[in-house]
Structure formats: C-alpha cells, structure tokens
Amino acid sequence: MWGQETELGEMDRLWGQAREELQKIVGADCFSTWIEPLRLTGVEDGTATIASPTRFLSDWVSRHYSDDILKVLDRMGGPVQRLQFETRSQTARQAAAPAVKRPSQPRTQSDEELTAPLDSRFTFENFVVGKPNELAHAAARRVAEGGPVTFNPLFLYGGVGLGKTHLMHAIAREIQVRRPEARVLYLSAEQFMYRFVQALRDRTVMDFKELFRTVSVLMVDDVQFIAGKDSTQEEFFHTFNTLVDQGKQIVISADRAPGEIKDMEERIKSRLQCGLVVDLHPTDYELRLGILQSKTESFRNQYPGLQIAPGVLEFLAHRITSNVRVLEGALQRLFAFASLMGREINLDMAQECLADILRANDRKVSIEEIQRKVAEHYNIRLADMIGPKRMRTVARPRQIAMYLAKQMTSRSLPEIGRRFGGRDHTTIMHGVKKIEELRSADRSLAEDIDLLRRLLEA
C-alpha cells in the first residue's frame, strides 16, 4: 500500500512498475516525451505527489494523462484520488553546493552575422492555439523551456502560412530570454547553403564547421531547400550528427514530412525522422476565428475608435481558408480601408474591399489537401499516397485522390502527376477513369467520394 511508511526505494520500485503500465497505455512515443521525465515522490491521504522538470510539463500531463496515472497508481498500491505536481527546481537541487558563477560564452561577431533576425511579433503569447496546431505548440514550448527533452530533432512541417516560422522564432526568442548564455543559431536552409558555399570559396571550411558545431541550439527553417544539393547535404548531415551526439537541441521546419522531400538523401531523411515529427494541419474554422479575434484586439491599438459590426469576423473565418497570412492581410486591409474612409467595418464593406481575396478562396482546394484528407480517411500513410506501392489498400485511395484532384482543382494532368510522385499523365487518366467507372457501380465508394468532397469544400 502507498503511504508515509513507504520507503524511498520501495516507492521507486512501485513507480517503476507503474511506468511500465503507463507505457503500454499511452504508447512509447508519448511515454518518452511526457511520462518518463516524471518521478513519484510520495503518496499521502490519497494524494500522489509527482515531481516534474518544468511547470509546462506538469500542466500538460495534468490535462492529458492524469486519469491514466490515477488508475494505474490505484491498481498498484491502494486508493489514490488526486495528483499533485511539483516542479523540480534546479536551484533547489544545487542549494547545498557553493555558488559558482560560470562565465557565459560571449557571442562572436560571426554568430551575429549567421543568425537570421527574429521577428518581435512572433512570440508564444501571440500564437493562437487550436486543435490543428496544439501538438506543435506544446512541443515547441517544451523545447523552449530548456528542460529535459527526449525528442531530438523537433521537426515541424506544414503548408504555407500555418505557423512554422512563428513557432521557430518563438522558440529562439524564449531560449535567449531563459538562457542568455546559450548560443542559439537560427537561419534558413538557403542561408546555411550560402554560408557553406562561401566557406568553400574562401577556404574557411574549418571555421564554418567550428561555428556550426559549437552552438547550443541549431534551428534550420525550410530544410527542403537543401534537397538535391549534394555537398550541402553532406555537411548538414555531419553537423546534425555532431550536435545530436553532443546532446545539443536541433529544430527543423519544412513544407512536407521528411519522407516526402524529394532528392533528399535517405540517411538524412532517416535522421530527421528519429525525433518528433509534427504536422501543422490546415486551420479549421474555430482556429481562424480565434486568430481574427486576437488580431482585431491588436489592430484596435493602431486604429482607435473603429467599429466592427457583428458577424464580420465569422464571415471572414468561413470564407478565407487558404492560410493565416492571407487571413491577417485581409483584416489589416479592412481596418486600413475603414480608417481612410471613416466608415464602420460591416459585411457590405468586407465584400466590397476584399472581393479579390474572396474570389481567390472560393472552392480553392490544393492537391496536397486532397491527398492528406484521403490518406486520413482510408488510414494510410501520406508517403504511400505518392510512393510506389501498388497493393489495393493503397492504390485505390491514390486513384480516388487523383480523381478528386482532377475534379476539384484547375491543375493539368501532368501537374497532378508530378504531385503524385512524378507519375505520367496517362497514369492519372487511367486512375480518374477507373474511379468514374467504379463510382456508378459501387455505392459505398460513391458515398466515400461525396463525403470527402464535402469535407474538402467545408
């Protein structure tokens, strides 16, 4: 039974058994990220006290895994009705030792020249969280807090305007605030390539290697741009390995998952997938409305006294679905127009002022969205959708995605073929024709296609 009389060694043994049960329940990835850093420190009067490295980790586990932990603890040792989290303070652990001030490593001029400027608007406080980006935000916060991180690298991917760069800037800024001595190097893949080529030209490759391999945190944006650049990929691979071996954190972003980056070396794809890979999904209505409401509050400071009629934000959230940048740009245009004209922002003004944006967003569905939605519906990997596999469980959903791409986009057959792993346009024609034939004979297939079309048009 749990209780005050439970000795520390026995407590650790029972918690070890409880952790084994929790790993079976939540899965290996979630366990290593969220449960493994925890430690049970005591159980008294039905309350289990759990030590956590950071407050953020405590809050996340409390919200998502408290019921699982309570059930397992209750089974393991007796009645436990409540969890209490305490943060393990680094200061507290070192209180008994004499304070030794370590000189911070000075930032060199080369560091400053290499690091891309951070946008002051891109902070965690300004990032609107919703279901499509919840996991990405949580993982980014975990890295930024600087506590124990069991995933390296953190790989963020998604389409244009979904928040990848915002999170990258927020991570870099937060680390600089929390750990001023840390050397955080943030740059685009294009800048990495340019600096490497410049080092080759100037015969300063060893200086380049020293700069990149002695940082605390390396952050590379849009890594897909080094695909096909053999020498740059080679140097990136060795830099990556060196930093991981040293326990240094790496954060990467791209417009697609590692396995879907064409012309990227397989060994680099494998390395990129060995950490936590997080997809920032396209925004849903609730998230778009939340973003508009947040931006409206900030715009009111720029345009005091402007009025916005009820229903305008809801209208914009429904109609502008392409990406967050377009959404924010539309709202900025509305406020500027209303300020210049001295008018209230209402639905008529929104339709008049944003006519071009609204037209561009009408039924605008991308091939990538179609592929993702079909893959989710049929529970197959997105990589298989564009890959070479020909088994029926993959081939039929692929043909359905080809059919929907032909019906719902203005892309040509060769363009659609390129988006499906470089397939010939005759392959796309065959797939489309096959689904047209099956749709009239297979009622279940017809219902699936209608459902997918409604989901994509929503």
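Residues numbered from 1 in each chain as written. Predicted model: local features only at pLDDT ≥ 70, side-chain atom pairs only at ≥ 80, totals over all residues. Heavy atoms only, no water.

J.: How would you explain the packing of aromatic side chains if you had to name every residue and give the values?
T.: Scanning the model with the defined rule gives nine aromatic pairs in all. For the pair Phe196 and Phe208, a centre-to-centre distance of 5.5 Å together with 55 degrees between the ring planes defines the contact as tilted. Within this pair, whereas Phe196 is found in helix H9 (residues 189-202), its partner Phe208 is found in helix H10 (residues 205-212), the two being separated by 12 residues in sequence. Phe208 shares its class with Phe196; the two are buried. Between Phe299 and Phe335, the ring centres sit 5.4 Å apart and the planes meet at 55 degrees, which makes this aromatic pair tilted. Here Phe299, found in helix H13 (residues 285-302), pairs with Phe335, found in helix H15 (residues 324-341); they are 36 residues apart in sequence, far enough to count as distant. Given a relative accessible area of 1%, Phe335 falls into the buried group. Ring pairs connect the aromatic residues Phe192, Phe196, Phe208, Phe212, Phe236 and Phe240, which therefore count as one cluster. (Phe/Tyr/Trp six-rings, centres within 6.5 Å; stacked < 30°, edge-to-face > 60°. Helix = DSSP H or I, 4+ residues; strand = E, 2+ residues; numbered from the N terminus. Buried < 20%, exposed > 50% of the residue type's maximum accessible area, 1.4 Å probe, protein only.)

J.: How would you explain the environment of Ile400 if you had to name every residue and give the values?
T.: Tracing the backbone shows Ile400 in helix H20 (residues 392-408). What makes Ile400 buried here is its relative accessible area of 0%.

J.: Give me the lowdown on the sheet that holds strand S8 (residues 276-279), citing residues and values where you can.
T.: Across the sheet, which stays open at both edges, the five strands sit in the order S5-S6-S7-S4-S8 with parallel pairing between neighbours. Taken across any chain shown, the strands that pair with only one partner, and hence form the sheet edges, are strand S5 (184-188) and S8. In this sheet, neighbouring strand axes are inclined to one another by 10 degrees on average, regardless of whether the strands run parallel or antiparallel. Pairing geometry for S5 and strand S6 (residues 217-221), over five bridges, is parallel. (Pairing = 2+ DSSP bridges. Axes fitted to C-alpha atoms, helices over the stretch in contact; angles between N-to-C directions.)

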